[in-house]
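# Observations on the model geometry
Chain residues, written in single-letter form:
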Amino acid sequence: MKVKNINGTSQNSCKCESWIKHWRNYSGQSATVCRVSGCTNKDIVGAHVQKSANYDNKWYIVPFCNSHNKSKISVDLVSGTKLVSANVKNTCGK
């Protein structure tokens, strides 16, 4: 699946302490490296992304390294990576 990072979202917060913990809590997955296909960087954060498809404007969280978290290009995710809603009304803000 192709996604693109949403820059300028660092002010957003949730009740999970961090966005990477938010992703772990709601994806049921764990990650020790960036989930961009082919990347093995271990400095991961919970990145705000959107699907590259034009029909979906929702925001999601996935583990990206700091470098990919600053990127403005669409990237392929590692197969099986779950996208977690960044809308806290649907997750930790209930």
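Residues numbered from 1 in each chain as written. Predicted model: local features only at pLDDT ≥ 70, side-chain atom pairs only at ≥ 80, totals over all residues. Heavy atoms only, no water.

### Some words on the overall build of the protein
Secondary structure summary: the protein contains two helices and five strands in total. Along the protein, helices (α) and strands (β) appear in the sequence β-α-β-β-α-β-β when read from the amino end. The C-alpha radius of gyration computed for the protein amounts to 12 Å, which stays within 12% of the reference 12 Å derived for 94 residues, consistent with globular compactness. Counting only C-alpha atoms and orienting by the principal axes, one finds that the protein spans roughly 35 × 30 × 25 Å. The distance from the centre of the 14 positive side-chain charges to the centre of the 4 negative ones in the protein is 4 Å. (Helix = DSSP H or I, 4+ residues; strand = E, 2+ residues; numbered from the N terminus. Rg over C-alpha atoms; globule rule 2.2 N^0.38 Å. Lys, Arg positive; Asp, Glu negative; His and termini not counted. Charge placed at Lys NZ, Arg CZ, Asp CG, Glu CD.)

### As for helix α1 (residues 19–27)
Restricting attention to buried positions, one finds in α1 the residues Trp19, Ile20, His22, Trp23 and Ser27. The buried residues of α1 occupy an angular sector of 155 degrees when the element is viewed end-on, so they sit on one face. Buried residues along α1 sit in contact with β2 (44–51), β3 (60–65) and β5 (84–85). Gly28 sits one or two residues past α1 and shows a positive phi near 75 degrees. (Buried < 20%, exposed > 50% of the residue type's maximum accessible area, 1.4 Å probe, protein only. Arc of directions from axis to C-beta. Contact = heavy atoms within 4.5 Å.)

### Observations concerning the nonpolar core
By size, the foremost hydrophobic cluster in this structure holds 23 residues, and its most contacted members are Val3, Cys34, Val36, Val49 and Phe64. Sorting the residues of this core by element identifies α1, β2 and β3 as the ones contributing at least two each. Per-element tally for this core: the top contributor is β3, with five residues. Once residues lying within four places of it in the same chain are set aside, the contact partners of Val36 are Phe64, His68, Val75, Asp76 and Val78. (Core = buried A, V, L, I, M, F, W, Y, C linked by side-chain atoms within 4.5 Å.)

### So, the sheet that holds strand β1 (residues 2–5)
Pairing in this open sheet of five strands is antiparallel, and the strands run β4-β1-β2-β3-β5 from one edge to the other. Single-partner strands in this sheet number two, and they are β4 (74–76) and β5. Where β3 lies against β5, two bridges are found, and the strand directions are antiparallel. Each residue of the ladder has a partner; that of Tyr60, found in β5, is Ser85. (Pairing = 2+ DSSP bridges.)

### Observations regarding the side chain of His22
Mapping His22 onto the fold places it in helix α1. In this structure His22 comes out as buried when scored by relative accessible area, which is 0%. Setting aside its immediate chain neighbours within four residues, His22 contacts Cys14, Cys16, Ile61, Val84, Ser85, Thr91 and Cys92.

### A closer look at the confidence of the model for the protein
For the protein, per-residue confidence averages 93 on the pLDDT scale, and residues scoring 70 or more make up 100% of the total. Averaged pLDDT values for the elements of the protein fall to 94 in β1 and rise to 97 in β3. (pLDDT = per-residue confidence, 0-100.)

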